Amino acid sequence: MRAVPAATRNDIVAGLSVAGLLLPEAVAYAAIAGLTPAHALWATVAGCLTYAMVGRSRFAIVSSTSSSAAILAATLAALPGGAADRSALATLVVVLTGGCFLAARLLSLGGLTGFIARPVLRGFALGLAITIIIKQLPAVVGVTVPAHDLFHLLIGLAASASRWNFVSIALAATALIVLLVLRRFPRLPGALIVLLLGIGSALVVPLPGVAQVGTIDIALALPTLPRFSWALYSRAAQFSLPLVLILFAESWGTMRALALRHGDSLDPNRELGALGLANLASAAVSGMPVGAGFSVGNASEAAGASSRVTGIVAALGLVALIVVAAPQVAKLPTPVLAAVVIAALVHALDPTPLIRLWRLRRDGVIALAAALAVLAFGVLNGMLIAILLSLAALVRRLATPHLAQLGRLGDSHDYVDLLRHDNAVAPVGVLIWRPAVPLFFANAERVFAAITAASSEARALVVSLEESADLDSTALDALIEFDAATTKRGVRLQLARTHDRVRDLLRRAGATGLAARTSYSVDDAVEAISKGE
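The rules behind the values
- Every residue gets a number counted from 1 within its own chain, in the order that chain's sequence is written.
- Where local features are concerned, this predicted model is filtered to residues with pLDDT of at least 70; where side-chain atom pairs are given and counted, the filter is 80 or more; whole-chain, interface and lining totals use all residues.
- The basis for every side-chain value is the complete set of non-hydrogen atoms in the structure, without hydrogens or water.
- Per-residue accessibility, obtained with a 1.4 Å probe over protein chains only, is compared with the maximum for each type, and a residue is labelled buried under 20%, exposed over 50%, and partly exposed between these values.
- Starting at the N terminus, helices and strands are each numbered in turn, a helix being any DSSP run of H or I of at least four residues and a strand any DSSP run of E of at least two.
- For two strands to count as paired, DSSP must find a minimum of two bridges between them.
- Place the viewer so that the strands point away; then a crossover is right-handed whenever the path from the first strand over the helix to the second strand goes clockwise.
- Every angle, taken between N-to-C directions, lies between 0 and 180 degrees, and every axis is a line fitted to C-alpha atoms, over only the stretch in contact when it is a helix.
- Residue contacts are defined here by distance: any two heavy atoms, one from each residue, within 4.5 Å place the two residues in contact.
- Three categories are distinguished: nonpolar for Ala, Val, Leu, Ile, Met, Phe, Trp, Tyr, Cys and Pro, charged for Asp, Glu, Lys and Arg, and polar for the others, with Gly belonging to the last.
- An angle below 35 degrees is treated as roughly parallel, one above 145 as roughly antiparallel, one from 65 to 115 as roughly perpendicular, and anything else as oblique.
- Note on convention: the crossing is left-handed when the near helix lies turned anticlockwise from the far helix by less than a right angle, right-handed when the turn is clockwise.
- Pairing of aromatic rings covers Phe, Tyr and Trp, the last through its six-membered ring, and needs centres within 6.5 Å; plane angles under 30 degrees mean stacked, over 60 mean edge-to-face, and all others mean tilted.
- Buriedness of a pocket was judged along seven lines, with at least five required to meet protein on both sides within 12 Å; pockets are open sets of points on a 1 Å grid over the protein atoms alone, cavities are sets where a 1.4 Å probe fits but cannot get out, and lining residues have an atom within 4 Å of a point.
- Grid points are joined across faces, edges and corners, and a volume is the space filled by probe spheres set on the points.
- Residue count minus one, scaled by 1.5 Å, sets the expected span of a helix.
- One axis is fitted to the seven residues ending at the residue and one to the seven starting there. The bend at that residue is the angle between these axes.
- Residues enter a patch when their relative accessible area is above 30% and they make no salt bridge; the linking distance is 9 Å between like charges and 5 Å between nonpolar side chains (Val, Leu, Ile, Met, Phe, Trp, Tyr).
- Values of accessible area rely on a 1.4 Å probe in the Shrake-Rupley scheme; residue burial ignores everything except the protein chains shown.
- Salt bridge, as applied in this entry: a Lys or Arg side-chain nitrogen positioned within 4 Å of an Asp or Glu carboxyl oxygen.
- To define a nonpolar core, start from buried Ala, Val, Leu, Ile, Met, Phe, Trp, Tyr and Cys residues and group those joined through side-chain atoms within 4.5 Å.
- Taking the helix axis as origin, the arc is that swept by the directions to the C-beta atoms.

Novice: Provide a residue-level description of the pairing of strand β8 (residues 492–496), including the pertinent values.
Specialist: Regular strands show a simple pattern: their side chains alternate between the two faces of the sheet. The element β8 is largely enclosed, with a buried count of 4 among its 5 residues. With 5 bridges connecting them, strand β7 (residues 460–464) and β8 associate as parallel partners. Bridging from a neighbouring strand, L461 pairs with L493 of β8. Handedness of the β-α-β unit built from β7, helix α18 (residues 473–488) and β8 comes out right-handed.

This is the structure in structure tokens:
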């Protein structure tokens with residue numbers, strides 16, 4: 001009998017270990033979304049199997065995630081419809097999410113997440129983690145607190161302190177400690193072990209007043225899409241876009257980090273298509289949105305995964321657990337389930353990335369603002385605000401560029417920022433300026449106005465355009481007008497480090513005189529001015 005290759009054995013072991021993590025997390029994430037566990041369980045099975053056939057990351061496990069569950073919950077709360085329509089609305093959102101992914105794939109928008117800055121994502125993740133953890137506190141203390149936002153939820157929790165169930169609190173605290181200790185042993189399915197211990201405690205020890213998960217309906221349901229109005233379809237499509245952005249940002253971040261760690265290569269556009277098909281497969285079984293979550297992806301790597309076989313084994317193992325363990329999961333105390341959710345999000349509470357930003361004096365305020373936006377305005381609005389913050393940060397940086405005056409470094413041909421290099425010297429009679437960002441419609445006029453104001457006594461100017469590989473029409477006009485103004489003042493202008501596309505553009509615009517006064521290097525530009533060329 002032929003022996004099973006070692007790599008395949010590792011994938012089987014890793015897949016079974018991941019399946020033990022997926023079961024309790026799926027039940028927990030369904031609770032976050034306000035749906036039955038079946039929605040998350042079958043979504044995870046469909047997502048794993050579909051991605052294994054289409055995707056390329058050998059570590060990614062495409063399943064329901066905490067962030068997508070929270071955004072789905074906020075979306076369903078914002079859409080009109082009662083509890084009876086909740087499942088159908090969730091399916092509609094998942095279909096639209098999958099469709100958006102496929103449309104992005106067809107348009108080759110793999111760089112989509114570049115418009116969400118990493119500091120904003122870190123801040124959003126922090127705010128989201130705090131939001132979800134706070135929402136688990138009523139289950140931890142064993143009370144029901146009706147509230148529409150975190151502020152009133154915390155007030156309600158404080159007001160109900162006399163009714164807190166300390167058995168429930170002890171269970172949650174014990175489960176959380178065990179989960180955190182078991183993280184030191186990545187090959188062990190810590191969440192599954194805690195789930196079994198929680199069920200065992202409910203069977204052996206009296207737990208007065210402690211709620212249980214209750215009967216889990218694991219029947220595979222076909223999707224239903226009632227005749228919603230076009231207005232609702234339109235509104236659902238608008239809410240699906242933030243879900244697509246955060247799912248791809250989280251998934252691509254996880255896939256890329258793991259791929260770089262192991263020297264693998266991935267195509268973001270292919271992964272867009274794979275995530276689109278995985279979400280459509282999830283919709284086909286009335287599932288939740290799916291993506292490659294950070295925690296389960298790292299668990300797959302730590303368990304020894306070497307190929308996408310791990311995802312297939314995890315899906316099949318989850319099916320076996322669903323069939324065998326569903327009746328027992330019904331007896332799981334809800335504070336233990338809350339502890340599983342909290343443990344899955346503890347890594348997102350690490351302040352180190354934000355502290356690093358403050359130390360770098362870069363984007364710390366933006367990251368903090370994104371976190372506060374989620375806490376103050378909710379998950380969905382917080383996500384939209386986070387996207388706007390990313391774009392605002394980009395526009396601000398481009399619209400207010402640093403303008404460096406250059407000088408020659410010793411006897412070399414190198415020209416550097418005079419403020420940073422004491423041994424650099426400006427050429428006699430020539431001022432050399434370098435905008436630190438590409439020129440475009442929002443900053444070109446401001447840059448040339450700043451150069452004019454700082455060069456009132458100059459008789460010759462060199463402007464280095466090394467950052468501008470191309471110009472839009474506004475920047476082109478601003479450059480031509482700047483040249484005309486300097487010429488009128490009797491100042492000679494020479495462009496340095498000019499890209500060929502900019503030269504061609506100047507000629508097409510009829511600015512042949514300026515096109516003739518372009519150089520490939522600053523040294524050439526200074527020499528051209530000295531020779532009067």
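Novice: Can you lay out the packing of helix α14 (residues 352–360) against helix α15 (residues 364–377) for me, pointing to particular residues and giving the numbers?
Specialist: For the pair α14 and α15, interaxial distance at closest approach is 8 Å and the crossing angle is 145°. Across from L354, L357 and W358 in α14, the residues of α15 making contact are G364, V365, A367 and L368. Along the lines of polarity and charge, the residues of the contact of α14 with α15 split into 6 nonpolar, 1 polar and no charged.

Novice: Could you give an account of the packing of helix α7 (residues 166–182) against helix α8 (residues 190–204), with specific residues and numbers?
Specialist: One can describe the packing of α7 onto α8 by two numbers: an axis separation of 9 Å at closest approach and a directional angle of 150°. Taken together, the axes of α7 and α8 lie roughly antiparallel to each other. Relative to α8, α7 is oriented so that their crossing is right-handed. Facing α7, whose interface residues are L171, A175, V178, L179 and L182, α8 presents G190, A191, I193, V194 and S201. Classifying every residue of the contact of α7 with α8 by side-chain character gives 8 nonpolar, 2 polar and no charged.

Novice: For the packing of aromatic side chains, give the residues involved together with the corresponding values.
Specialist: The tally for this structure, following the rule as stated, stands at 4 aromatic pairs. Between F101 and F248, the aromatic rings sit 6.4 Å apart at their centres with planes inclined by 70°, giving edge-to-face as the arrangement. Highlighted residues: F101 in helix α4 (residues 86–106) and F248 in helix α9 (residues 230–262), separated in sequence by 147 residues. For the pair F101 and F248, a shared accessibility class is recorded, and that class is buried. A ring pair is formed by F448 and F482, whose centres lie 4.8 Å apart and whose planes are at 20°; its orientation type is stacked. On the criterion of sequence distance, the pair formed by F448 in helix α17 (residues 444–454) and F482 in helix α18 is long-range, its members being 34 residues apart. The same class applies to F448 and to F482, which are both buried.

Novice: Talk me through empty space enclosed by the protein; I want residue IDs and the actual numbers.
Specialist: Inspection of every chain in the model, using the stated rule, returns 3 cavities of 30 Å³ or more. Lining the largest cavity we find C48, Y51, A52, S57, R58, A60, I61, V62, S307, R308, T310 and G311. Sorting the residues of the lining of the largest cavity by element identifies α2 (37–54) and α12 (309–329) as the ones contributing at least two each. In terms of residues, the lining of the largest cavity owes the most to one element, α2, which gives 3 residues.

Novice: Account for helix α5 (residues 118–141), with residues named and values stated.
Specialist: With 24 residues, α5 should cover 34 Å at 1.5 Å per step; its first-to-last C-alpha distance of 35 Å lies within 8% of that length. Considering bend angle alone, the principal kink of α5 is centred on K135 and spans about 25°; proline P138 follows within four residues of it. Positive phi appears at G142, one or two residues downstream of α5, with a value of about 80°.

Novice: Account for unusual backbone geometry, naming residues and giving values.
Specialist: One non-glycine residue, S108, lies in the positive phi region at around 55°. As for its position among the elements, S108 is in the loop between α4 and α5. For S108, a relative accessible area of 46% puts it in the partly exposed group. The phi dihedral of D363 is positive, around 65°, even though this residue is not glycine. Position of D363 among the secondary structure elements: in the loop between α14 and α15.

Novice: Tell me what's going on with a nonpolar patch on the surface, and back it up with residues and numbers.
Specialist: Taken together, the side chains of I177, V181, F185 and L188 present a nonpolar region at the surface, about 380 Å² in accessible area. Along the chain, L188 turns up in the loop between α7 and α8. The exposure class assigned to L188 is partly exposed, which follows from its relative accessible area of 42%.

Novice: Any chance you could break down the nonpolar core for me, citing the residues and the numbers?
Specialist: One broad trend across soluble globular proteins is that nonpolar side chains are buried collectively. Formed by 105 residues in total, the largest nonpolar core has its most connected members in L22, L72, F124, M288 and V329. When near neighbours in sequence (up to four residues on either side) are disregarded, L72 contacts A33, L35, A90, V93, M288 and P289. With 26 residues, the next largest nonpolar core counts L431, V463, L495 and L514 among its residues.

Novice: Got a sec to walk through α7? Specific residues and values, please.
Specialist: Count 3.6 residues to each turn of an α-helix, and residues three or four apart come out pointing the same way. For α7, which comprises 17 residues, the first-to-last C-alpha distance of 24 Å matches the rise-based estimate of 24 Å (1.5 Å per residue) to within 8%. Considered for burial, the residues of α7 that qualify are S168, L171, A172, A175, L179 and L182. Projected onto a plane normal to the axis of α7, the buried residues spread over an arc of 100° and lie on a single side. What points out from α7, more than 90 degrees from its buried face, is the exposed set F166 and I177. Against α5, α8 and α13 (334–345) lie the buried residues of α7.

Novice: Residue-level account of the pairing of strand β3 (residues 403–409), with values.
Specialist: Pairing of β3 with strand β6 (residues 431–435) involves 3 bridges; the strand directions are antiparallel. Bridge pairing links Q405 to W433 in β6. Between β3 and strand β4 (residues 415–417), which pair antiparallel and follow one another directly, the connecting turn spans 5 residues, one of which, G410, has a positive phi of 60°. The sheet contact formed by β3 and strand β5 (residues 424–425) spans 2 bridges and is antiparallel. Within the sheet, the bridge partner assigned to R408 lies in β5 and is V425.

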